[in-house]
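Remarks on the overall topology
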Amino acid sequence: MASFVPTSADTLEEQRLYTSARMVDVQCLDCLARVRAKKNSEHHTSIQWNADAVAACPELGRRDGSSDSRDGHRGCPRLLASIDAAVRDGNLPVGAEDGY
Amino acid sequence: MSDYPQNCNVFYMSDTRMLDQGTTPIRFARGWHCLGLASTFADGKPHAIHGFGTKLVVWQDSKGELNVLDGFCRHMGGDLTQGEVKGDHIACPFHDWRWGGDGKCKEIPYARRVPLRARTQRYETAIVNGQLMIWNDPEGSAADRDILPPELPDVLTDKYTPWSWHTREINGSHCRELIDNVADMAHFYYVHFAFPTSFRNIFEGHTATQFMESTGRPDKSGGYSDASSTLKSEATYYGPAYMINWLTVDYKGFVTEVILINCHIPTGPNSFTLQYGISVQKPEGLDQKTVDYIAERYTESFGDGFLQDVHIWENKVAVQNPLLCEEDGPVYQLRRWYEQFYTDAAEVKPEMTDRFEFEVDTTKANEYWHAEVAENLAKRAAEESVSH
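Residues numbered from 1 in each chain as written. Chains lettered and ligands numbered in written order. Predicted model: local features only at pLDDT ≥ 70, side-chain atom pairs only at ≥ 80, totals over all residues. Heavy atoms only, no water.

**Thoughts on helix α6 (residues 363-387) of chain B**
Where we set the bar: Numbering of helices and strands runs from the N terminus, with a helix taken as a DSSP run of H or I at least four residues long and a strand as a DSSP run of E at least two residues long. For a helix, the expected span equals 1.5 Å multiplied by the residue count minus one. Working definition: with a 1.4 Å probe on protein chains only, accessible area under 20% of the residue-type maximum means buried, over 50% means exposed, and in between means partly exposed.
The terminal C-alpha atoms of α6 of chain B, which comprises 25 residues, lie 36 Å apart, in line with the 36 Å expected from a rise of 1.5 Å per residue. What α6 of chain B keeps buried is the set Ala 365, Asn 366, Trp 369 and Val 373 of chain B.

What follows is the structure, given as structure tokens:
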């Protein structure tokens, strides 16, 4: 059961817009990780991973799993490079739509 | 959140956007919650902590262990926090029923035997970083010690100042308002008087992290406004209620490492108790007095920061459908992450815990803000030259 319950049906559509609209599949050029990404501008990036993608990424796999480590705070530079390549190749459009 | 009516749309145009205030959850988050510095409970007396819609009793037994039970005796509802510690047990002031840290009634001095069903709500405990943590779960699961917040290696040693610990009650707001800050880039300029020059988030599993770099605004005072200082901040929530914030402050080339704990206990559906603690890495080559002075200044400045937030929370309304612009952080994804703690463990969806990364583009915002600050400074200079 949802806990923070919207009273308007429109809110569910807003949730969809902000979390999944215009997300594009990006395949990592170095491993089997496939994520969904969005770029509202050159400097903005949104990356949605799933469990399979995290498991496929050797960079994230090398993180120190102990709880007192801040290792998990790093991203994967190879994936970021793959996202840049997707932009260059025209597979990932850059630009926002009304704030999302 | 004020008591404003939920549908205050007396008249509106069809394209007017309405605030969906939604309904707040009745349940409290699953996870580890910090009750405060362990040392404050270690005096052989019962202590009262408001939390999870009730009052908890905390006491130390003869082995030095801290115990936490629901504060009301299962006999006739007496207030255990006003009782007495007798041996290892907490004794009710009403009829002297004695409760153990395992939640069982151990003794009723006037009774032939203790009823078998005499068990009360107990909370499993852990001590992390010198602080007392308890596990809360409306489903009653055993504490998950794998997801305790990490121990900070050098804190509580000679290298850092002892925790400066503070408590503040917040009324009229659900604690999710506090969590929202993790994804809120622009409020650092408006509420805390700093330019956030870099801003990123990662949400994964039970953690949510904010990375921020900022410099102070020269046109303001208080908060993070000191223009001669730049801040590198890495702040992670471990579960729903305990954040460790690693801060590197560069003040005119003088670098200090500061650790800020930001934690809370929900007290009711629209209230919570905020606690924060600060520990500063002692700069080498300085005498104790100077070190204490520096620690106090940081405590003051980050304490001010919280008070700036509190004023906003106590006056805003809840909103389930925030309207975002391109410069805003991932509020919806953060709330999706936060929802896991209010969902039965078996119902937690992958998208609530899947890794998500977001980098805010701060370039335009900073351009506009620097122009605004320059204008403010020019105005101030003009006013000062008139008055002289």
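**Focus: empty space enclosed by the protein**
Short version of the rule: Buried and open spaces are told apart on a 1 Å grid over the protein atoms alone, a cavity being a set of points where a 1.4 Å probe fits but cannot get out and a pocket being an open set with protein on both sides within 12 Å along at least five of seven lines. Residues with an atom within 4 Å of a point are the lining residues. Grid points are joined across faces, edges and corners, and a volume is the space filled by probe spheres set on the points. Charged residues are taken to be Asp, Glu, Lys and Arg, nonpolar residues to be Ala, Val, Leu, Ile, Met, Phe, Trp, Tyr, Cys and Pro, and polar residues to be all remaining types, Gly included.
Under the defined criterion, the tally for this structure stands at five cavities of 30 Å³ or more. Its boundaries defined by the atoms lining it, the largest cavity holds a volume of some 290 Å³. Forming the boundary of the largest cavity are 22 residues, of which Phe 188, Tyr 224, Met 243, Asn 245 and Asn 262 of chain B lie nearest the centre. Elements with a minimum of two residues in the lining of the largest cavity: α2 (187-190), β14 (207-216), β15 (229-238), β16 (242-251), β17 (254-268) and α3 (288-315) of chain B. Element by element, the count of residues in the lining of the largest cavity is highest for α3 of chain B, at five residues. Partitioning the lining of the largest cavity into residue classes produces 13 nonpolar, eight polar and one charged. Estimated volume of the second largest cavity: approximately 120 Å³. Lining the second largest cavity are 16 residues, with Tyr 18, Asn 40, Gly 99 and Tyr 100 of chain A together with Phe 358 of chain B sitting closest to its centre. For the lining of the second largest cavity, a count of residues per class yields seven nonpolar, six polar and three charged.

**Some thoughts on the sheet that holds strand β1 (residues 31-37) of chain B**
For sheets, the rule is that strands pair by backbone hydrogen bonds, running either parallel or antiparallel. Residues and elements named next belong to chain B. Counted only if it meets this: A pair of strands counts as paired when DSSP detects no fewer than two bridges linking them. Axes here refer to lines fitted to C-alpha atoms; in helices the fit is confined to the stretch in contact. Angles between the N-to-C directions go from 0 to 180 degrees.
Here three strands make up an open sheet; going across it, the order is β1-β11-β10 and the pairing antiparallel. With one partner strand each, in any of the chains shown, β1 and β10 (125-128) form the two edges of the open sheet. Neighbouring strand axes in the sheet, compared pairwise and without regard to direction, differ in orientation by 35° on average. In this structure, β10 lies alongside strand β11 (residues 131-136), joined through four bridges in antiparallel fashion. Among the inter-strand pairings, Ile 127 is bridged to a residue of β11, identified as Leu 132.

**What about the interface of chain B and chain A?**
Rule in force here: We call two residues in contact when some of their heavy atoms are within 4.5 Å. Accessible area, probed at 1.4 Å, shrinks when two parts are joined; the buried area is that loss added up over both. Any carboxyl oxygen of Asp or Glu within 4 Å of a side-chain nitrogen of Lys or Arg constitutes a salt bridge here. Between N or O atoms, a polar contact is any pair within 3.5 Å; within protein, one atom must be a potential hydrogen donor and the other a potential acceptor, and residues adjacent in sequence are included only when both atoms are from side chains.
Counting residues at the interface gives 45 residues for chain B, matched by 37 residues for chain A. Taken together, the two surfaces of chain B and chain A that pack against each other cover about 3400 Å², and 48% of this comes from carbon and sulfur. Counting across the chain B and chain A interface gives two salt bridges. Here Arg 17 of chain B makes a salt bridge to Glu 14 of chain A, at a shortest N to O gap of 3.2 Å. Between chain B and chain A we count 14 residue pairs in polar contact (both at pLDDT 80 or more) in total. When residues of the side of chain B that touches chain A are traced back to their parent elements, those giving at least two are β13 (194-204), β14, β15, α4 (331-339) and β19 (356-360) of chain B. Classifying every residue of the side of chain B that touches chain A gives 17 nonpolar, twelve polar and 16 charged.

**Remarks on the pattern of salt bridges**
Residue and element names in this part refer to chain B. Tallied over the full model, the rule gives 27 salt bridges over all chains. For Lys 106, the salt bridge identified is with Asp 102, shortest N-O distance 2.7 Å. Classification of Asp 102 as partly exposed rests on a relative accessible area of 34%. Among the salt bridges present, the one from Arg 217 reaches Asp 219, with a minimum N-O distance of 2.9 Å. Both residues of the pair, Arg 217 and Asp 219, count as buried.

**Topic: the pairing of β1 of chain B**
Residues and elements named next belong to chain B. Counting buried residues along β1, seven of its seven residues qualify, which places the element largely inside the surrounding structure. Bridging between β1 and β11 involves six bridges; their strand directions are antiparallel. Along β11, the bridge assignment pairs Cys 34 with Met 133.

**Observations concerning the sheet that holds strand β6 (residues 89-91) of chain B**
Residue and element names in this part refer to chain B. The antiparallel open sheet is built from four strands, whose spatial order is β5-β6-β7-β8. A single partner strand is all that each edge strand has here, and the edge strands are β5 (84-86) and β8 (105-107). Of the strand pairs in this sheet, strand β7 (residues 98-99) and β8 are connected by two bridges, and their pairing is antiparallel. Within the sheet, the bridge partner assigned to Arg 98 lies in β8 and is Glu 107.

**Considering the domain arrangement of chain B**
Residue and element names in this part refer to chain B. This is how it is decided: Where each domain starts and ends comes from a domain assignment, either automatic or drawn from a database.
Its domain assignment divides chain B into domain 1 (31-147) and domain 2 (164-374). Listed per partner, the contact involves 18 residues of domain 1 and 15 residues of domain 2. Around 1300 Å² of area is buried between domain 1 and domain 2 when both sides are counted, 62% of it from carbon and sulfur atoms. Linking domain 1 with domain 2 are zero salt bridges, by the criterion used here. Across the contact surface, domain 1 and domain 2 share five residue pairs in polar contact (both at pLDDT 80 or more). Of all elements in the fold, only β1, β2 (47-51) and β11 reach the threshold of two or more residues within the side of domain 1 that touches domain 2. With seven residues, β1 is the single largest residue contributor to the side of domain 1 that touches domain 2. Among the residues making up the side of domain 1 that touches domain 2, the classes are represented as eight nonpolar, nine polar and one charged.

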